[in-house]
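Breakdown of the fold
Now for the letters of each chain:
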Amino acid sequence: MKFTVIPVTSFEQNCTLMWCEQTLRAAVVDPGGDLERIRSVVEEHGLVLEKILLTHGHIDHASGAEELARSAGLPIEGPHIGDKFWVDDLAAQCAMFGFPPPAEGFEPGRWLAQGDQVQVGGEVLEVRHCPGHTPGHVIYYHAGERVAVVGDVLFKGSIGRTDLPGGDHAALLASIRAQLWTLGDEVEFIPGHGPLSTIGHERATNPFLT
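Figured I'd write up the structure that's included with this text. A quick note: this is a predicted structure, and the numbers were derived from the prediction, not measured. (Residues numbered from 1 in each chain as written. Predicted model: local features only at pLDDT ≥ 70, side-chain atom pairs only at ≥ 80, totals over all residues. Heavy atoms only, no water.)

1. A word on a nonpolar patch on the surface
Taken together, the side chains of Phe11, Met96 and Phe97 define a hydrophobic patch exposed on the protein surface, amounting to about 330 Å² of accessible area. Along the chain, Met96 turns up in helix 5 (residues 90-97). (Patch = residues over 30% accessible without salt bridge, like charges linked within 9 Å, V, L, I, M, F, W, Y side chains within 5 Å. Areas by Shrake-Rupley, 256 points an atom, 1.4 Å probe, with all protein chains shown as cover. Salt bridge = Lys/Arg side-chain N within 4 Å of Asp/Glu carboxyl O. Helix = DSSP H or I, 4+ residues; strand = E, 2+ residues; numbered from the N terminus.)

Pasting the structure below:
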């Protein structure tokens, strides 16, 4: 499986495009905006988008999902239903931060839970529920490539903020230790913002976790 990061929106959010090398079927994780940029990268790699995946319901990660799904006829999967209130509130979030509002609003075709699997072409991603930044935050892990897409749970040198509605600092720390540390130190992760890192590096050096 291949992964590439596409920075989008004024929040400089890491939208991740992932695809199966055998089928060239792809999924886009957290299309928060700048959809033409995303479509251009899909076309550049000769891919066929088959679904949209969301890690959580914050505006910079989810505000472009409805338009992309509607324009390309794509299903939306994730996050966990604990983030339904964030997804339902996207229009208000867009108005607050000057993002283009979703035309109709949306509800994912599939809410995800701990232990679920997501298929992309011939590849399978493991879903892990990681509440704390938001109640319904999930991550996507590909065991073959040893790569995790972790949204705003963990960053290089930092962790997700917990001061927004539904945030819980203790829950976030517990999620990191139970769901990320157990992946293994060699696992590389793609955060929702900023540079990539590895689980081992953050376990050893992250000042919020050591």
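2. Looking at the packing of aromatic side chains
Two descriptors summarise a pair of aromatic rings, namely the distance from one centre to the other and the angle between the planes of the rings. By the definition in use, this model includes 3 aromatic pairs. With a centroid separation of 5.7 Å and 75° between ring planes, the pair formed by Phe11 and Phe97 is classed as edge-to-face. With Phe11 in the loop between strand 1 (2-8) and strand 2 (13-19) and Phe97 in helix 5, this pair connects stretches of sequence that are 86 residues apart. Here Phe11 falls in the partly exposed class, since its relative accessible area comes to 31%. Owing to a relative accessible area of 46%, Phe97 belongs among the partly exposed residues under this scheme. Between Phe11 and Phe99 the ring centres are 5.5 Å apart and the planes differ by 65°, which places this aromatic pair in the edge-to-face class. Separated by 88 residues along the polypeptide, Phe11 in the loop between strand 1 and strand 2 and Phe99 in the loop between helix 5 and strand 6 (117-120) bring together distant segments of the chain. Overall, the relative accessible area of 12% leaves Phe99 in the buried class. In this structure an aromatic cluster arises from ring pairing among Phe11, Phe97 and Phe99. (Phe/Tyr/Trp six-rings, centres within 6.5 Å; stacked < 30°, edge-to-face > 60°. Buried < 20%, exposed > 50% of the residue type's maximum accessible area, 1.4 Å probe, protein only.)

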